[in-house]
Amino acid sequence: KTAINWAVFTYMTEDLRINDYRPYSYDFDDYFGEKDFTKMFVTKLMNEKSGNCHSMPYLYKILCDELGADANLAITPNHVYIKHINEIGRWANVELTNATFPKDKWIVKDVGLSKRTVEKKLYMNPLTGIESVAMTMFDLSNAYEVQFGVDSFYLSMIDTALVYFPNCIPLLMNKCNYYIEQVLLEQKKEEPNLKFLKEVTEKQVFIDKHIAELGHEEMPIKIQEKLARFMEKEREKEEKKHKKQEKKKRKQT
């Protein structure tokens, strides 16, 4: 029953004729899309055969959905991966960025998640179909912010998604950031509306408190630094591999 899952995995990660011997690889340049948000898009991954921990699991799920296999998105802080039921009826994890199948305990350790966070299913929980759609609305709000800033339409996207995924930390954080931005914009005015500032600040504090009550914790600094060093090493390895391939091509020609 997982034959399609395996087919999609090998199509994305191995040198095969069906993918023109060009598997999908991790793009180490601006992998959070901070300079160019289109780096997050599945279309960019499909066109250039390189993507990130956002677009790669999304494409995997799209292909599985189209071919009739079960695959669920799952999230950890700033990361997306795949969960699906394996041949013995248990959840298996699929990490597309490095073509591995990490165990839950490895993921918890790697990103520094607390037991409380996992138990409350804020992270590492297989998302339902409707929750996955809500995550695409999170993406839409981010892309909209890059192009147009934050406004009432930006907030409406987040609020609509939260109806279907109420405990989604990324969505709640975006909502909190919206209120912070509104405060900053109002404070820049010659005569700020104090009543408006008070109301918006109270909303921001309420969302902050709600996020804390859900059990969310910021990723420990040590884990952030460890991940940064790991990404740098992986980038260097990828560059060396690319140079080696280019050198081989030149010899062949």
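Anything mentioned here points back to the structure above.
These numbers come from a predicted model, not from an experiment.

### Topic: the nonpolar core
Line of reasoning, step 1. Formed by 55 residues in total, the largest nonpolar core has its most connected members in M12, Y60, L96, M135 and L171.
Line of reasoning, step 2. Here this core gets 7 residues from one element, more than from any other, and that element is helix α8 (residues 169–187).
Line of reasoning, step 3. Setting aside residues up to four positions removed in sequence, L96 forms contacts with F9, M12, T13, M56, P57, Y60 and I82.

### Thoughts on unusual backbone geometry
Line of reasoning, step 1. Even without being glycine, D30 reaches a positive phi, approximately 55°.
Line of reasoning, step 2. Along the chain, D30 falls in the loop between β1 (25–26) and α2 (42–48).
Line of reasoning, step 3. With a phi angle near 65°, K49 is a residue other than glycine that sits in the positive phi range.
Line of reasoning, step 4. Here K49 shows up in the loop between α2 and β2 (50–51).

### Here we look at the environment of M157
Line of reasoning, step 1. One can find M157 in helix α7 (residues 152–164).
Line of reasoning, step 2. We classify M157 as buried; its relative accessible area is 4%.
Line of reasoning, step 3. Each C-alpha atom, one on M157 and one on M137, is 6.4 Å from the other, the two residues being 20 residues apart in sequence.
Line of reasoning, step 4. Beyond its immediate chain neighbours, meaning those up to four positions away, M157 contacts M137, L140, S141 and Y144.

Calculation rules
- Residues numbered from 1 in each chain as written.
- Predicted model: local features only at pLDDT ≥ 70, side-chain atom pairs only at ≥ 80, totals over all residues.
- Heavy atoms only, no water.
- Core = buried A, V, L, I, M, F, W, Y, C linked by side-chain atoms within 4.5 Å.
- Buried < 20%, exposed > 50% of the residue type's maximum accessible area, 1.4 Å probe, protein only.
- Helix = DSSP H or I, 4+ residues; strand = E, 2+ residues; numbered from the N terminus.
- Contact = heavy atoms within 4.5 Å.

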